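# Structural description and commentary
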Amino acid sequence: MNESRVIAYIGLGSNLQGPQEQIDRALQELTELPESQTVAHSSLYRSRPVGPQDQPDFINAVAMLETDLQAERLLDELLGLEDRHQRVRDGRLWGPRTLDLDLLLLGERRIVTERLQVPHPQMTVRAFVLVPLAEIAPADLLIPGAGKLSELLKEVDRSGLTLA
Ligand code: ROI
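Below: a short report on this structure. As the structure is a computational prediction, the values presented were derived from the model and not from experiment.

So, how was this worked out
All residue numbers refer to position in the chain's written sequence, counted from 1. Given that the model is predicted, a residue must reach a pLDDT of at least 70 before its local features are reported, and side-chain atom pairs must reach 80 or more before they are shown or counted; all residues, however, enter totals for whole chains, interfaces and linings. Water and hydrogen atoms were dropped before computing side-chain values, which therefore reflect all heavy atoms in the structure. One side-chain nitrogen of Lys or Arg within 4 Å of one carboxyl oxygen of Asp or Glu is enough to make a salt bridge. Where helices and strands are cited, they refer to DSSP runs of H or I of at least four residues and of E of at least two residues respectively, numbered from the N terminus. We call a residue near a given molecule or strand whenever any one of its heavy atoms falls within 4 Å of it. A 3.5 Å cut-off defines polar contacts: any pair of N or O atoms within that distance qualifies, except that in protein one atom must be a possible hydrogen donor and the other a possible acceptor, and neighbouring residues in sequence count only when both atoms are side-chain atoms. Any residue outside Ala, Val, Leu, Ile, Met, Phe, Trp, Tyr, Cys, Pro, Asp, Glu, Lys and Arg is labelled polar, Gly included; the first ten of those are nonpolar and the last four are charged. For a helix, the expected span equals 1.5 Å multiplied by the residue count minus one. Only protein chains enter the area calculation, which uses a 1.4 Å probe; residues under 20% of their type maximum are buried, those over 50% are exposed, and those in between are partly exposed. To be clear, the arc concerns the directions from the helix axis to the C-beta atoms. Residue contacts are counted whenever heavy atoms from the two residues lie within 4.5 Å of one another. Between N-to-C directions, angles span 0 to 180 degrees; the directions come from axes that are lines fitted to C-alpha atoms, helices contributing only their stretch in contact. Crossing handedness: left-handed means the near helix sits turned counterclockwise from the far one by under a right angle, and right-handed means the same turn made clockwise.

## Digging into the pattern of salt bridges
In the structure shown here, the tally under the stated rule is 11 salt bridges. In this structure, R115 and D76 form a salt bridge, with 2.5 Å as the shortest nitrogen-oxygen distance. With R115 in the loop between β6 (111–112) and β7 (117–118) and D76 in helix α2 (residues 71–84), this residue pair connects regions lying 39 residues apart in the sequence. What you see here is one network of salt bridges that share partners, running through R5, E66 and D68.

Next comes the structure, spelled out in structure tokens:
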């Protein structure tokens, strides 16, 4: 493995305009990212919205990539993909979206910049991230600053989460 090559986990979510198709298309598009290979992706899950309840259920999944891209470059690629899905940023926090791509983990790196926080700060309490992640990640995956995935999974509330 080349020095800058690292495993990235990407969280995908959609609850507008054919969420299942949005996620299927995004998983395909992730395989086309430069300097990256998709290693695996989870099943698709349906989940009740976390946050405001006056919006449709979400479809969620997690993808695992090997990438040579730097964190900010990878973020730009993900934002570009969101834009291609006509993601509209209406300023509403935690509102519905056609496609949300979150950089969850980049190896065991911890990154805090104005644009990016890795590990993703809310991932450790979200079943719609942890459960699909556990499908494809090694059992002893370490989430920097938060501990082992297997331990976090024991604590998380899975109500409202089903296979899609
Ligand atoms: N809720 C669920 N279930 N899935 C998501 O992907 C998701 N994404 C969000 C908010 C609105 C916080 N809630 C979510 O951004």
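## Let's talk about the site of the ligand
Taken together, S47, R48, P49, V50, F58, N60, W94, R97, D100, R126 and F128 make up the full set of residues adjacent to the ligand. V50 is positioned with one of its backbone polar atoms (N or O) 2.8 Å from a nitrogen atom of the ligand. In this structure, an oxygen atom belonging to the ligand sits 3.2 Å away from a side-chain N or O atom of R97. Of the residues assigned to the shell around the ligand, the class counts are 5 nonpolar, 2 polar and 4 charged.

## With respect to α2
Along an α-helix, residues three or four positions apart point the same way, because every turn accommodates 3.6 residues. In a regular helix each residue adds 1.5 Å, so 14 residues correspond to 20 Å; α2 covers 20 Å between its end C-alpha atoms and thus fits that length. Taken together, the buried positions of α2 are occupied by A71, L74, L75, L78, L81 and E82. The arc enclosing the buried residues of α2, seen along the axis, measures out at 120°, which places them on a common side. Elements that come into contact with the buried residues of α2 comprise β1 (6–14), α1 (19–30), β4 (58–67), β5 (100–106) and β6. Directly beyond the C-terminal end of α2, a positive phi value near 55° is found at Q86.

## Here's the deal with the side chain of T67
For T67, the position within the fold is in strand β4. Those residues in contact with T67 that sit more than four places away from it in its chain are S4, R5, V6, A8, E35, S36, L74 and L106.

## Considering the packing of α1 against α2
A pair of packed helices is characterised by two quantities: the angle between their axes and the separation of those axes. Across the interface, α1 lies against α2 with an axial gap of 11 Å and an inter-helix angle of 140°. In the crossing of α1 with α2, the sense of the turn from one axis to the other is right-handed. Along the contact surface, α1 presents R25, E29 and L30, while α2 presents L78, L81 and R84.

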